[in-house]
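# Structural characterization, general
The lines below spell out each chain.
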Amino acid sequence: MKTLAPKTGNSCFGCGADNPLGLKLTFHGDPEKGTAWTEFLPPHFLAGGANMMHGGFIALLLDEVSSKVLSMQGKRGVTRNLEISYQKPVNLSGPVRLEGSLIRHEGRKHFIKARILNPGGDVLAESEALFLVFNTSS
Ligand SMILES: CCCCCCCCCC(=O)SCCNC(=O)CCNC(=O)[C@H](O)C(C)(C)COP(=O)(O)OP(=O)(O)OC[C@H]1O[C@@H](n2cnc3c(N)ncnc32)[C@H](O)[C@@H]1OP(=O)(O)O
């Protein structure tokens with residue numbers, strides 16, 4: 001098990017320590033299994049309508065936990081594709097869990113699935129992403 005805490009000098013909206021507007025998320029994961037996860041209470045500035053999270057921020061969270069699957073393995077890459085299924089509203093009055101896992105990789109192409117769950121374990125949104133990794137030779 002590995003933990004990635006926000007780092008000074010990183011201004012990433014999701015995980016950097018130096019973005020004053022950012023979420024400063026800490027992630028956990030298993031590099032050997034190709035997993036990453038975190039739990040947090042979404043701030044209300046992520047709102048879309050009513051008490052629901054904005055769909056663009058849902059995409060951001062799925063992208064973020066997907067990228068951490070790679071970071072856990074010491075890989076650096078960027079999102080090429082992100083396909084999202086919005087299944088239920090992400091309610092802003094309680095914590096959420098983000099989970100990502102590696103499906104497979106073909107050289108630099110890494111296929112990663114992710115999801116957002118509520119405390120009851122309901123899947124609220126799911127994604128499948130293609131990341132292109134810069135620092136792998138396998
Ligand atoms: C430096 C590290 C920083 C980490 C930050 C992480 C932050 C969180 C993640 C992000 O939000 S990153 C920000 C959002 N992403 C971007 O800004 C990336 C913008 N896109 C690019 O820079 C380029 O498109 C990219 C470097 C990803 C790839 O460009 P390339 O010209 O190298 O590749 P190309 O686009 O031709 O496609 C790559 C491969 O994917 C394949 N492909 C594309 N769509 C596919 C699909 N749907 N299914 C399967 N394969 C697919 C495509 O056929 C091709 O296969 P081959 O390499 O075998 O020819």
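The structure this text deals with has already been given above.
It should be emphasised that the depicted structure is a prediction, and the values quoted were computed from it without experimental measurement.

### Notes on the pairing of strand β5 (residues 96-106)
- Bridge count for strand β3 (residues 35-40) against β5 is six bridges, and the pairing is antiparallel. Counterpart to Ala-36 in the pairing with β5 is Gly-100.
- Hairpin geometry of β5 and strand β6 (residues 109-117) is characterised by an intervening segment of two residues between the two adjacent antiparallel strands and by a positive phi of about 60° at Gly-107.

### Side note on the pattern of salt bridges
- Per the stated rule, a full pass over the model turns up five salt bridges.
- A salt bridge links Arg-97 to Glu-99, with the shortest nitrogen-to-oxygen separation between them at 2.6 Å.
- Accessibility expressed as a relative area gives 23% for Arg-97, which makes it partly exposed.
- Ionic contacts of the salt-bridge type, sharing partners, join the residues Glu-39, Arg-97, Glu-99 and Arg-115 into one network.

### Let's talk about the site of the ligand
- Around the ligand there are 14 residues in total, and Asp-63, Arg-80, Asn-81, Arg-108 and Lys-109 lie nearest to it.
- For the ligand, a nitrogen atom lies 2.9 Å from a polar atom in the side chain of Asn-81.
- Within the side chain of Lys-109, one N or O atom sits 3.0 Å away from an oxygen atom of the ligand.
- Calculation on the ligand without its partners gives an accessible area of 1,200 Å², and the protein chains cover 47% of this total.
- Breaking the shell around the ligand down by element, the ones donating at least two residues are α1 (55-72), β4 (77-86), β6 and β7 (123-133).

Parameters and conventions
- Residues numbered from 1 in each chain as written.
- Predicted model: local features only at pLDDT ≥ 70, side-chain atom pairs only at ≥ 80, totals over all residues.
- Heavy atoms only, no water.
- Pairing = 2+ DSSP bridges.
- Helix = DSSP H or I, 4+ residues; strand = E, 2+ residues; numbered from the N terminus.
- Salt bridge = Lys/Arg side-chain N within 4 Å of Asp/Glu carboxyl O.
- Buried < 20%, exposed > 50% of the residue type's maximum accessible area, 1.4 Å probe, protein only.
- Near = heavy atom within 4 Å.
- Polar contact = N/O pair within 3.5 Å; in protein donor to acceptor, adjacent residues only side chain to side chain.
- Areas by Shrake-Rupley, 256 points an atom, 1.4 Å probe, with all protein chains shown as cover.

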